[in-house]
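Overview (structure and organization)
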Amino acid sequence: MKFLLSVILIALLSAVAENFFSWWSIAVVSFIVAVFFSQKPGKSFLSGFCGVAVFWLVACLMHDMVNDHILSIRMAVLFHLPSYGLFIAVTVLIGGLVGGLSAWAGSLIRRRA
Amino acid sequence: MASSRRISPLGVLVLIIVTIVVYILDKPPVLLGIPAIGRLLDPVNGCWASAEPVNKNFSADLKFPVTHNASVWFDKRMVPHIHADNDHDLYFLEGYIHAYFRLWQMDMETRAAAGRVSEVIGTKTLEYDRKQRRKGMVCGAENSLKVMEADPRTKAMMDAYTEGVNLFITSLNYRAYPLEYKLIGFSPESWTNLRTALLMKYMADDLTGSTDDIALTYLRDYLPKEEFDLLYPERIQGASPVIPAGTVFDKPSLAIPVAPPDSIAFPHFNAADFGEKREDGKGSNNWAISGARTASGAAILCNDPHLGLNLPSLWYEVQLQAPGMNVYGASLPGAPGVVIGFNDSLTWGLTNNYRDVKDFYLIKPVAGDKNKYWFAGKQLEFTKRIEHIYVKGKPEVIDTIDYTIHGPVTYEAQNAKDGGLRKPLAMCWMGHKGTNELLAVYLLNRAANYNQFVDAILNFQCPAQNMAYADRSGNIALWTQGQFVNEWKDQGRFVMNGSDSATLWGQLIPMRENPHVLNPQQGFVSSANQVTTDSTYPYNYTNSGWVNLRAWRINQLLAFSDKKFTIQDMFKMQQDTHSMLAGGTVGNMFKFLDSSIQYGDSKYLDSLNKCSWNCNLDPESKAASFYQVWWAFFYRDAWEPKLKNVPYDQYPLQERTMQLMTKEVEDTVHHTGVMKDADFFKKAANKSYKEAVDSIHILEKTIGTDWYKVKNTSVTHLAKLPAFSFDHLKIGGWGNTINAAKGNHGPSWRMVVQMGKEIEAYGVYPGGQSGNPGSKYYADFLPQWVDGKYNKLDFLPNTDKQNDSTIKYVWNVQGLKG
């Protein structure tokens, strides 16, 4: 329950934050949420990863579908990726990793020494 | 309590690492040479923000600091039709719209002109920037800016345009930046009138920048005089000049200067003084046919300027309406007005003129004093101009450029690349002068008849253009327009002695005396970068890149036909891929070939057999590929042994080579004793045939031998990103055919306009109205351009309301200053 809640919270707060701040606000959001939720580091990483990944995936798809993949196909070629799907995957992965690592740091900081 | 929470050291360590990782994903150190992955991939503010919805509704109600309400109607191809109540509002909106669709390109092109690319790219482009500075590009733009701002019309025009561009720029946040800013990692900066002046110099440099002077200087010393004259005639035999031969020219108002003795005029060099390789030239076609020779009875004008094929395209289609003006055509993002197009009275098209307006002077420094040089027996002081070149991630580079009485010292020992001379050479270039081409554009857009057309273009000084004209009264005309110098014979053809006053540029020729023709008897005018006039034009001038094959072909199609031409005929003509060169050389190449030659498959030779191949360079023609490959080797093998380290593109013209291969020339050559080794064509034919067969074999095994595959016409993104570029386009032709689609160079805007009661206009360019690679309008005209199809241009009437069915989106602009 805690896990799911933190995933949803990270996804939503990141979406709000990115409308006002730069992309790295996803790291700040994941970190803060993890500090408050105090889960085990592994779970915390996963919640950060999933939270940001879900948000970024939805955001990508929203752009990509109305664009008929024009941009994602060209960006995939630019990054030497075989398909636009993979470009979306890479985007989501990067976002997820940043979210996950930040949440991991958040949970570690909360742990007793 | 013991369980009180403390900060865990491990947590702090991880936090620091995560912070560093995020920082690198946001602002990677220049050293790493990677894009800001996190910032770039971010689906909210990063590259994904450029994914423009395919059904985006561009309509909007806008409040702008303009004086009156205005409208912009976008048609279904996203061509804006701008309607304003005064010039200020009109050019404001044009600036805003150029920036809206093409900001990054405007920024980059003017950065390139000014030698400011390294600022955003890094050391990779430092040499390029240095060269731009040494050419005096910024100095020339500053000179022009003074002249442009001294005229109230162009000052107002530029100010309004700049205001419009800057309104768009200030409205941008990172999310809204064009994609390329995010990829390369820099931000747009404010537009200035200087930027517009720089764009004009960018065009001037593109079109008058290359010159044969240095290569010809080398050849002149290297070849015996008779041979030099034979291989490099000033006027090629059988040339059909831009101004039809026999046109009577007025008596010159200036006295023609007498050439100083050769020993004073021209210095001499050794082969070792020269660098290697330089770029090849640009070309274009235009022609106009009088109503007497068209099916509709109205005059038709056609133009296809050949320029680098890039995305975003150099051109942007636009219609501009203000009181007293209704003009449609191709504009240059970065400059106000319409450069090539038509208005409700007349139409005009441009090709490059190639009269030499860039000369080099050998500078004799004063021994032991770095600050002085010799001129007219005196020691003169260099004027120093210090150039600061900022380099991304590196300390700035400071370059001090010595300006002489002739111009900047461009080529120095360290700058000997690109056919340079390892000597201090000063460059004297019309592009350094303060000129106001924008005024020509301003007046041209408003011109209502031939006299106003002439008054307008008399302000067009550099780059000199052949300006074809047609109007609704059925008149046609052609002006070879630019600012030229009253030269003595051969002045500026070779590197000149910079320490004698006899070589200085003389008076300027009054521009009304530029060669021109109105309604010639032949019923048409045409130009395709060939020599300007026959030898009866009283003033001297020299060549900086004339070619003849396209001109011959155009004139052949227009002159030797009693057909009444239609618009369809014009389309066909602009797609013509007939190679006059192939027609004139294939037979002789066979003749030179040993009859006993047995090499490779006989199908290659058979394919070129005159009966089976029509000499058209069609996209899928295999014969065309074999001929072109064979010719390329032949041409090299013929001249290389004789001209040794002269760069390929400075060999005698291909059409001159074609003429020299014929029997008559061979006889003359033998009789006069020049080129006793005339059998070099024979050697070249046999050697090159084998090389061609080998090359074609390899092609057969790899990409195939369809001509379009072999030549690979590409339209390349300005940042040279293959992902945003298109290659192997299925288009025929080559630089010497009317449809001059070469590798990365070709017809950049095909236009056909019939000036009847109703104006009927068609056009297409290899790109699209949007500069955004994430937009469906990025390259949507490209397939049509490849297939030789045209868009019908919607020329809307100059009224407040429109009910044309083609209008898709509307901007209702409310004037806040009203």
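Structure: see above.
Now for a description of the structure that goes with this document. Throughout this document, residue positions are counted from 1 along each chain, in the order its sequence is written. Numbering of ligands from 1 and lettering of chains from A proceed in the order in which they are written. Totals for whole chains, interfaces and linings use every residue, but because this is a predicted model, local features are given only for residues with pLDDT of at least 70 and side-chain atom pairs only at 80 or more, for both listing and counting. Side-chain numbers come from the whole structure's heavy atoms, not from hydrogens or water.

What about the overall build of chain B?
Rules: Labels follow the DSSP assignment, with helices taken as runs of H or I lasting at least four residues and strands as runs of E lasting at least two, numbered in each case from the N terminus. The size measure is the radius of gyration over C-alpha atoms, and the globule rule it meets is 2.2 Å times the number of residues to the 0.38 power. For the exposure calls, accessible area comes from a 1.4 Å probe over protein chains only, and a residue counts as buried if that area is under 20% of its type's maximum, exposed if over 50%, partly exposed in between. Contacts: residue pairs with any heavy atoms within 4.5 Å of one another. The Shrake-Rupley method, run with a 1.4 Å probe sphere, supplies the accessible areas, and residue values consider only the shown protein chains as cover. When charges are tallied, Lys and Arg are placed among the positive residues and Asp and Glu among the negative ones, while His and the ends of the chain are skipped. Here the site of a charge means NZ on Lys, CZ on Arg, CG on Asp, or CD on Glu.
In terms of helices and strands, chain B carries 24 helices and 28 strands. In summary, chain B has a C-alpha radius of gyration of 28 Å against a globular reference of 28 Å for 818 residues, a match within 12%. The principal-axis extents of the C-alpha atoms in chain B amount to approximately 110 × 70 × 65 Å. Out of the 818 residues belonging to chain B, those deemed buried represent 61%. At a minimum sequence separation of 6, the contacts of chain B that also span at least 24 residues come to 73%. A total accessible area of about 31000 Å² is found for chain B, and carbon and sulfur atoms account for 55% of it. Charge-centre separation for chain B: the mean point of 84 positive side chains lies 4 Å from the mean point of 86 negative side chains.

Considering the overall build of chain A
Regarding its fold elements, chain A presents 5 helices and 0 strands. In chain A, the succession of α and β elements from N to C terminus is α-α-α-α-α. With respect to the principal axes defined by its C-alpha atoms, chain A has extents near 50 × 25 × 25 Å. Across the 113 residues in chain A, those meeting the buried criterion constitute 50%.

Thoughts on the packing of aromatic side chains
Residues and elements named next belong to chain B. Worth spelling out the cut-off: Note on ring pairs: Phe, Tyr and Trp rings are taken, using the six-membered ring of Trp, and paired if centres are within 6.5 Å. Classes follow the plane angle, with under 30 degrees stacked, over 60 edge-to-face and the rest tilted. Think of it as a cone above the ring: NZ of Lys or CZ of Arg counts as a charge over the ring if it is within 6 Å of the ring centre and within 35 degrees of the ring normal.
Tallying each qualifying case throughout the model produces 54 aromatic pairs over all chains. Between Phe64 and Tyr96, the ring centres sit 4.6 Å apart and the planes meet at 50 degrees, which makes this aromatic pair tilted. A residue pair is termed long-range when its members are at least 10 positions apart, and Phe64 in strand 1 (residues 60-64) and Tyr96 in helix 3 (residues 87-114) qualify at 32 residues. For the residue pair Phe64 and Tyr96, the accessibility class agrees, reading buried in each case. Between Trp707 and Trp734, the ring centres sit 5.6 Å apart and the planes meet at 70 degrees, which makes this aromatic pair edge-to-face. Here Trp707 is found in helix 23 (residues 707-711), whereas its partner Trp734 is found in the loop between strand 23 (716-717) and strand 24 (745-747), with 27 residues between them in sequence. Owing to a relative accessible area of 26%, Trp734 belongs among the partly exposed residues under this scheme. Members of the aromatic cluster, joined through ring pairs, are Phe58, Phe64, Phe74, Phe92, Tyr96, Tyr100, Phe101, Phe168, Tyr316, Tyr777, Tyr809 and Trp811. The ring of Phe494 has Arg220 lying over it, and the distance from NZ or CZ to the ring centre is 4.6 Å. One residue, Arg355, lies across the ring of Phe484, its end atom 3.7 Å from the ring centre.

Brief notes about the interface of chain B and chain A
Counted only if it meets this: Each of two parts loses accessible area, computed with a 1.4 Å probe, when they are put together; buried area is these two losses added. By salt bridge we mean one thing: a side-chain nitrogen of Lys or Arg within 4 Å of a carboxyl oxygen of Asp or Glu. Contacts described as polar in this section are N or O atom pairs within 3.5 Å, which, within protein, must combine one atom able to donate a hydrogen with one able to accept it, while residues neighboring in sequence count only if both atoms come from side chains.
The partner chain A presents 41 residues to the 44 residues of chain B that form the contact. Roughly 3600 Å² is buried in total at the junction of chain B and chain A, and carbon and sulfur atoms are behind 73% of that figure. The tally of links between chain B and chain A comes to 0 salt bridges. If you look at where chain B meets chain A, you find 10 residue pairs in polar contact (both at pLDDT 80 or more).

Some points on the environment of Arg175(B)
Here Arg175(B) is to be found in the loop between helix 7 (152-170) and helix 8 (179-184). A relative accessible area of 29% means that Arg175(B) is categorised as partly exposed. Sequence separation of Arg175(B) and Cys47(B) is 128 residues, and the distance between their C-alpha atoms is 8.3 Å. There is a polar contact of 3.3 Å between the side chain of Arg175(B) and the side chain of Asn19(A).

Observations regarding the side chain of Asn686(B)
All names here are of chain B. With respect to the secondary-structure elements, Asn686 resides in helix 22 (residues 680-701). Using a relative accessible area of 13% as the deciding quantity, one classes Asn686 as buried. At 3.3 Å, the side chain of Asn686 forms a polar contact with the backbone oxygen of Phe592.

Quick word on the sheet that holds strand 19 (residues 476-481) of chain B
All names here are of chain B. What counts is decided by this rule: Pairs of strands are assigned from DSSP output, requiring at least two bridges between the strands. Geometry is summarised by axes, namely lines fitted to C-alpha atoms with helices restricted to the contacting stretch, and by angles between N-to-C directions that run from 0 to 180 degrees.
Within the open sheet, the 11 strands sit side by side as 1-28-2-3-7-8-9-10-18-19-21. Their pairing is mixed. Two strands close off the open sheet at either side, each with one partner strand: strand 1 and strand 21 (516-518). With strand direction ignored, the average angle separating the axes of adjacent strands in the sheet is 15 degrees. The sheet contact formed by strand 1 and strand 28 (residues 807-815) spans 5 bridges and is parallel. Bridge pairing in strand 28 links Lys63 to Gln814. Seen against the sheet, helix 3 touches strand 1, strand 2 (70-75), strand 3 (80-83), strand 7 (316-322), strand 8 (325-331) and strand 28 and runs at an angle of roughly 160 degrees to strand 7. Here helix 14 (residues 450-457) sits on the sheet in contact with strand 10 (346-352), strand 18 (465-471), strand 19 and strand 21, set at roughly 10 degrees to strand 19.

So, helix 9 (residues 193-208) of chain B
Where we set the bar: Residue count minus one, scaled by 1.5 Å, sets the expected span of a helix.
Here helix 9 of chain B is 16 residues long and its end C-alpha atoms lie 22 Å apart, about the 22 Å a rise of 1.5 Å per residue gives. Summarising burial for helix 9 of chain B: 13 of the 16 residues are buried, a large majority.

A closer look at the nonpolar core
Buried together is how nonpolar side chains tend to be arranged in soluble globular proteins. Condition: Here, nonpolar core refers to any group of buried Ala, Val, Leu, Ile, Met, Phe, Trp, Tyr and Cys residues whose side-chain atoms link them within 4.5 Å. Domain borders in the structure are assigned automatically or taken from a domain database.
Within the largest apolar cluster, 279 residues are counted, with the highest numbers of intra-cluster contacts made by Met75(A), Phe453(B) and Trp613(B). Sort the elements by how many residues they give to this core and helix 3 of chain B lands first, with 15 residues. In terms of domain composition, this core takes at least three residues from each of domain 1 (59-206 + 806-815) and domain 2 (580-615 + 622-705) of chain B.

A word on unusual backbone geometry
All names here are of chain B. A cis amide bond links Leu311 to the next residue, Pro312, at an omega of -10 degrees. Summarising the element assignment, Pro312 is placed in the loop between strand 6 (310-311) and strand 7. Note that the residue after Cys462, namely Pro463, is joined by a cis bond; omega there is 5 degrees. Following the sequence through the fold, Pro463 ends up in the loop between helix 14 and strand 18. Of note, Tyr354 is a non-glycine position whose phi angle comes to about 65 degrees, a positive value. Tracing the chain through its elements places Tyr354 in the loop between strand 10 and strand 11 (358-362). By relative accessible area, Tyr354 is classed as buried at 4%. Not every positive phi belongs to a glycine, and Asn519 is a case in point at roughly 45 degrees. Its place among the elements puts Asn519 in the loop between strand 21 and strand 22 (524-527).

What about the pattern of salt bridges?
Residues and elements named next belong to chain B. Within this structure, the stated rule accounts for 39 salt bridges over all chains. Ionic pairing is found between Arg446 and Asp87, a salt bridge with its closest N-O pair at 2.9 Å. Taken together, the positions of Arg446 in helix 13 (residues 437-446) and Asp87 in helix 3 put the pair 359 residues apart, joining distant regions of the chain. Overall, the relative accessible area of 18% leaves Arg446 in the buried class. Between Glu163 and Lys817 there is a salt bridge, and its shortest N-O distance comes to 3.7 Å. Here Glu163 is found in helix 7, whereas its partner Lys817 is found in the segment after strand 28, with 654 residues between them in sequence. Judged by relative accessible area, Glu163 falls into the partly exposed class, the value being 29%.

Topic: helix 3 (residues 41-66) of chain A
Residue and element names in this part refer to chain A. Across its 26 residues, helix 3 extends 38 Å between first and last C-alpha, which sits within 8% of the 38 Å expected from 1.5 Å per residue. For helix 3, the full list of buried residues reads Pro41, Ser44, Ser47, Gly48, Gly51, Val52, Ala53, Phe55, Trp56, Ala59, Cys60 and Asp64. Downstream of helix 3 by a residue or two, Asp68 has a phi angle that is positive, lying close to 55 degrees.

Considerations on the environment of Leu301(B)
Residue and element names in this part refer to chain B. Note on placement: Leu301 falls in strand 5 (residues 300-308). Here Leu301 falls in the buried class, since its relative accessible area comes to 0%. Discounting residues that sit within four places of it in the chain, Leu301 has contacts with Trp287, Ala288, Thr347, Trp348, Gly349, Ala468, Tyr469, Ala470, Met751, Val752 and Val753.

Focus: the packing of helix 6 (residues 137-150) of chain B against helix 9 of chain B
Residues and elements named next belong to chain B. Under the convention used in this document: Each angle gets one of four labels, with under 35 degrees taken as roughly parallel, over 145 as roughly antiparallel, 65 to 115 as roughly perpendicular, and the rest as oblique. Each crossing gets its hand from how the near helix is turned against the far one by less than a right angle, where anticlockwise is left-handed and clockwise is right-handed. In the scheme used here, Gly and all other residues not listed as nonpolar or charged are polar, with Ala, Val, Leu, Ile, Met, Phe, Trp, Tyr, Cys and Pro taken as nonpolar and Asp, Glu, Lys and Arg as charged.
One can describe the packing of helix 6 onto helix 9 by two numbers: an axis separation of 8 Å at closest approach and a directional angle of 120 degrees. As judged from the angle between their axes, helix 6 and helix 9 are oblique. For the element pair helix 6 and helix 9, the recorded crossing hand is right-handed. Contacts between helix 6 and helix 9 pair Met137, Val138, Gly140, Ala141, Glu142, Ser144, Leu145, Met148 and Glu149 from the former with Asn193, Leu194, Ala197, Leu198, Met200, Lys201, Tyr202 and Asp205 from the latter. Considered class by class, the residues forming the contact of helix 6 with helix 9 number 10 nonpolar, 3 polar and 4 charged.

Shape is all these values report; function is a separate question.
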